[in-house]
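An overview of the molecular structure
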Amino acid sequence: METTIVLRPARTSDVHAIKDLVAPLAERRILISKESVTYFEAIQEFVIAEIDGQVVGCGALHVMWEDLAEIRTLATAQQWHGHGVGRAVVAQLLANARRVGVSRVFCLTFEVEFFTRQGFTVMADQSAVDPAVYSELLRSADEGIAEFLDLARVKPNTLGNTRMICQL
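Below, the structure is looked at part by part. (Residues numbered from 1 in each chain as written. Predicted model: local features only at pLDDT ≥ 70, side-chain atom pairs only at ≥ 80, totals over all residues. Heavy atoms only, no water.)

**Some thoughts on the side chain of R72**
Here is the rule: Put simply, DSSP marks the helices as runs of H or I at least four residues long and the strands as runs of E at least two long, and each gets a number from the N terminus on. Think of a polar contact as two N or O atoms within 3.5 Å of one another; within protein, one of them needs to be a possible hydrogen donor and the other a possible acceptor, and neighboring residues in sequence only count if both atoms come from side chains.
For R72, the location among the structural elements is in strand β4 (residues 68-76). At 2.8 Å, the side chain of R72 forms a polar contact with the side chain of E70.

Here's what the structure looks like:
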């Protein structure tokens, strides 16, 4: 029997499910747990994966600049690992990136092999943006942008994950 994964934009009523998906990963220091208000503020960035009406995965696309976005908070329910849920969410997020005009998508991950299979490569060049854009990005209070820029102030808070990027 084939499982059908339904992808849809997140709704505010999904915040509790998103937190439930993130919690075990945060306990293992794979993802960072966030306050509910943070998820509500970013709800329009999220895609939800459902199987038989149950939320089994999520992920968010956060636009950082004209041509650059980040995949954030990619999580799959443990019992659905290896069933294509994460792959489906990433594919939808990349489609969303193309739709809004982004040509590069960045992520911070421990799942290097998974993201490599989705077309991402490890960022060898730490200067992925030109100096003028770098200067603009420095003005952002967003921690994800600080991680992307590899700023020293976020070094003590990093989880030891790998910076990866996908050219669309």
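**Here we look at helix α1 (residues 15-27)**
This is how it is decided: Take the number of residues in a helix, subtract one, and multiply by 1.5 Å to get its expected span. Only protein chains enter the accessibility calculation, which uses a 1.4 Å probe; a residue is then buried when its area is under 20% of its type maximum, exposed when over 50%, and partly exposed in between.
The end-to-end C-alpha distance of α1 is 18 Å, a good match for the 18 Å that 13 residues give at a rise of 1.5 Å each. Residues V15, I18, L21, V22 and L25 constitute the buried set of α1. At the C-terminal side of α1, R29 shows a positive phi close to 60 degrees.

**Regarding the environment of T4**
Put simply, the test is: Any two residues having at least one pair of non-hydrogen atoms within 4.5 Å are treated as being in contact.
Looking at the element boundaries, T4 is found in the segment before β1 (6-9). Considered as a pair, T4 and D52 are 48 residues apart in the sequence and their alpha carbons are 7.8 Å apart. With residues up to four places along the chain from it excluded, the contact list for T4 reads E50 and I51.

**Some remarks on unusual backbone geometry**
Positive phi outside glycine occurs at R29, with the angle close to 60 degrees. Unlike most non-glycine residues, T73 shows phi in positive territory, near 50 degrees. Of note, T73 is situated in strand β4.

**Notes on the pattern of salt bridges**
Convention followed: The salt bridge criterion pairs a side-chain nitrogen of Lys or Arg with a carboxyl oxygen of Asp or Glu, the two atoms within 4 Å.
Inspection of every chain in the model, using the stated rule, returns 4 salt bridges. Note that R8 and D14 form a salt bridge whose closest N and O atoms lie 2.7 Å from each other. Of the two residues, R8 and D14, both sit in the buried class. Put simply, R104 and D67 hold a salt bridge, and the shortest N to O gap is 3.2 Å. Highlighted residues: R104 in strand β5 (residues 104-109) and D67 in the loop between β3 (54-65) and β4, separated in sequence by 37 residues. Given the relative accessible area of 10%, R104 is considered buried. Through salt bridges with shared partners, a single network forms among R8, D14 and E50.

**Some details on the sheet that holds β1**
Test applied: Strand pairing follows a simple DSSP-based rule, namely that at least 2 bridges must link the two strands.
Spatially, the 7 strands line up as an open sheet ordered β1-β2-β3-β4-β5-β7-β6, and their pairing is mixed. The open sheet has two edge strands, β1 and β6 (121-122), and neither has a second partner. Of the strand pairs in this sheet, strand β2 (residues 46-51) and β3 are connected by 6 bridges, and their pairing is antiparallel. The residue bridging E50 from the neighbouring strand is V55, located in β3.

**Details of the packing of aromatic side chains**
Where we set the bar: In summary, the pairing rule links any two rings of Phe, Tyr or Trp, Trp by its six-membered ring, whose centres are within 6.5 Å, and it sorts them by plane angle into stacked for under 30 degrees, edge-to-face for over 60 and tilted for everything else.
Summed over the entire model, instances satisfying the criterion amount to 3 aromatic pairs. Here Y39 and F46 contribute two aromatic rings whose centre-to-centre distance is 6.1 Å and whose plane-to-plane angle is 70 degrees, an arrangement assigned as edge-to-face. The residues Y39 and F46 share a single accessibility class, namely buried. Seen from their ring centres, F114 and F115 are 5.1 Å apart, and the 90 degrees between their planes marks the pair as edge-to-face. Taken individually, F114 and F115 each receive the classification buried, so the pair is uniform in this respect. Members of the aromatic cluster, joined through ring pairs, are F114, F115 and F120.

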